[in-house]
Amino acid sequence: MQKTIDQKINKLKSGWYLWFFPVFALMLAGWLCYDYYQERGPDIKIYFNDASSIQAQKTRVRFRGVTIGVVKKITISEDNKDVIALVTLQRDAKQFAVDGSKFWVVAPEVGFKGVSGLETIFEGTYISVTPGKPDGENKLEFRGQIGGQSVESVEDTVVYYLETDNVESVSEGDSVTFRGLKVGSVNKVTLSKTAQIATVQINIQGKYTRLVRTNTVFWRKVGIQAKLGLFNSEVKINSLDTLMRGGIDFFTPDNVGEMAKSHSKFPLSPAPAKGYEKWNPKLEFP
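Cut-offs and rules
- Residues numbered from 1 in each chain as written.
- Predicted model: local features only at pLDDT ≥ 70, side-chain atom pairs only at ≥ 80, totals over all residues.
- Heavy atoms only, no water.
- Helix = DSSP H or I, 4+ residues; strand = E, 2+ residues; numbered from the N terminus.
- Buried < 20%, exposed > 50% of the residue type's maximum accessible area, 1.4 Å probe, protein only.
- Contact = heavy atoms within 4.5 Å.
- Areas by Shrake-Rupley, 256 points an atom, 1.4 Å probe, with all protein chains shown as cover.
- Pairing = 2+ DSSP bridges.
- Axes fitted to C-alpha atoms, helices over the stretch in contact; angles between N-to-C directions.
- Core = buried A, V, L, I, M, F, W, Y, C linked by side-chain atoms within 4.5 Å.
- Salt bridge = Lys/Arg side-chain N within 4 Å of Asp/Glu carboxyl O.

A.B. asks: How should I be thinking about the overall build of the protein in this particular structure?
C.D. replies: Of regular secondary structure, the protein possesses four helices and 19 strands. Among the 286 residues that make up the protein, the fraction classed as buried is 36%. Nonlocal contacts in the protein, meaning residues at least 24 apart in sequence, comprise 69% of its contacts between residues at least 6 apart. Taken as a whole, the protein presents about 18500 Å² of accessible surface, with 56% of it coming from carbon and sulfur.

A.B. asks: Can you walk me through the sheet that holds strand β15 (residues 217-220) in this structure?
C.D. replies: Each strand in a sheet pairs with its neighbour through backbone hydrogen bonds, running either in the same direction (parallel) or in the opposite one (antiparallel). The strand order around the closed barrel formed by seven strands is β11-β14-β13-β12-β18-β15-β19, and the pairing between neighbours is mixed. Within this sheet the neighbouring strands show an average axis-to-axis angle of 35°, counted without direction. In this sheet, strand β19 (residues 265-269) lies alongside strand β11 (residues 157-164) in parallel orientation, the contact comprising three bridges. Across the sheet, the residue bridging to leucine 162 is phenylalanine 266, located in β19.

A.B. asks: In this structure, what is going on with the nonpolar core? I would like to understand it.
C.D. replies: Taken as a class, soluble globular proteins show a tendency for nonpolar side chains to be buried jointly. In terms of nonpolar packing, the biggest core is built from 27 residues, with Val200, Ile202, Ile204, Phe218, Ile248 and Phe250 touching the most fellow members. Only β11, β12 (175-178), β13 (181-191), β14 (198-205), β15, β18 (248-251) and β19 provide two or more residues apiece to this core. The element contributing the most residues to this core is β14, with four residues. When near neighbours in sequence (up to four residues on either side) are disregarded, phenylalanine 250 contacts Val176, Thr177, Phe178, Val183, Ile204, Leu211, Val212, Thr216, Val217, Phe218 and Trp219. Core analysis: the next-biggest nonpolar cluster, separate from the first, contains 20 residues, Ile44, Ala93, Phe96 and Val129 among them.

A.B. asks: Explain the pattern of salt bridges to me, please; I cannot follow it from the model alone.
C.D. replies: Pairing between side chains becomes possible if they bear opposite charge and their charged atoms approach one another. A full pass over the atoms with the stated rule returns three salt bridges. One salt bridge in this structure joins lysine 139 and aspartate 99, with 3.8 Å as the shortest N-O distance. Here lysine 139, found in the loop between β8 (126-130) and β9 (141-143), pairs with aspartate 99, found in the loop between β4 (83-90) and β5 (102-106); they are 40 residues apart in sequence, far enough to count as distant. Here aspartate 99 falls in the partly exposed class, since its relative accessible area comes to 42%. A salt bridge links lysine 265 to glutamate 163, with the shortest nitrogen-to-oxygen separation between them at 3.8 Å. Of this pair, lysine 265 sits in strand β19 while glutamate 163 sits in strand β11, and the two are 102 residues apart along the sequence. Judged by relative accessible area, glutamate 163 falls into the partly exposed class, the value being 28%.

Pasting the structure below:
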């Protein structure tokens with residue numbers, strides 16, 4: 001009996017090292033988990049109109065070339081209108097999860113104003129960010145944009161809707177101009193539920209909302225405008241950017257209407273109103 005007990009004890013002593021490896025593995029796994037959560041910052045949601053260029057576990061969030069987070073998951077909003085990128089920021093990047101931070105997707109873009117985003121050809125598309133105010137309130141949900149070297153935050157703009165039966169040269173990201181000055185951009189282009197009209201959502205910078213009145217006229221910009229007659233013909237060629245991308249222009253008649261409320265709807269005309277060149281409304285700013 002004693003001999004059997006001694007044999008078992010000797011067997012356990014000789015095989016004690018076999019327990020070392022699973023214990024070491026558990027300790028290592030625990031340390032890695034602890035280190036991961038120590039380095040992990042807040043989880044935020046970024047809403048986009050489209051996420052075709054964003055990939056879960058691959059698309060990085062960068063600030064001045066430094067990676068500060070990664071897209072963990074991509075989902076659809078409950079109303080099916082937006083795509084949500086679930087992003088985990090690093091612990092030392094929690095200052096970006098504040099009110100006023102701006103996020104946009106950087107992708108290759110070629111235009112007459114230059115070439116941008118070429119680094120994404122080799123490194124892949126990424127989300128760039130500019131931080132909000134240092135003393136801003138904590139925030140976990142943001143509205144992002146696709147493209148643009150200097151993105152205008154939609155939080156600093158007012159939304160209006162334009163309705164037309166044909167958008168033709170208008171697409172997301174196009175400029176909205178007044179007297180040739182860019183005052184906003186096209187944020188979204190959608191079809192109505194019955195597919196009878198197209199709705200163009202534009203975002204006008206807050207400081208220019210006084211330009212939009214109840215009788216303001218919007219029209220699609222075209223690259224070439226021609227007036228042909230038997231003895232008098234006129235051809236007007238707009239900027240090269242307009243030739244390539246189009247966009248929207250607007251103006252207000254001399255009999256200025258009241259300021260249009262946010263989310264007001266306007267018809268989008270295929271061409272400017274007749275005689276609009278003679279309009280010269282007085283629109284005072286505070």
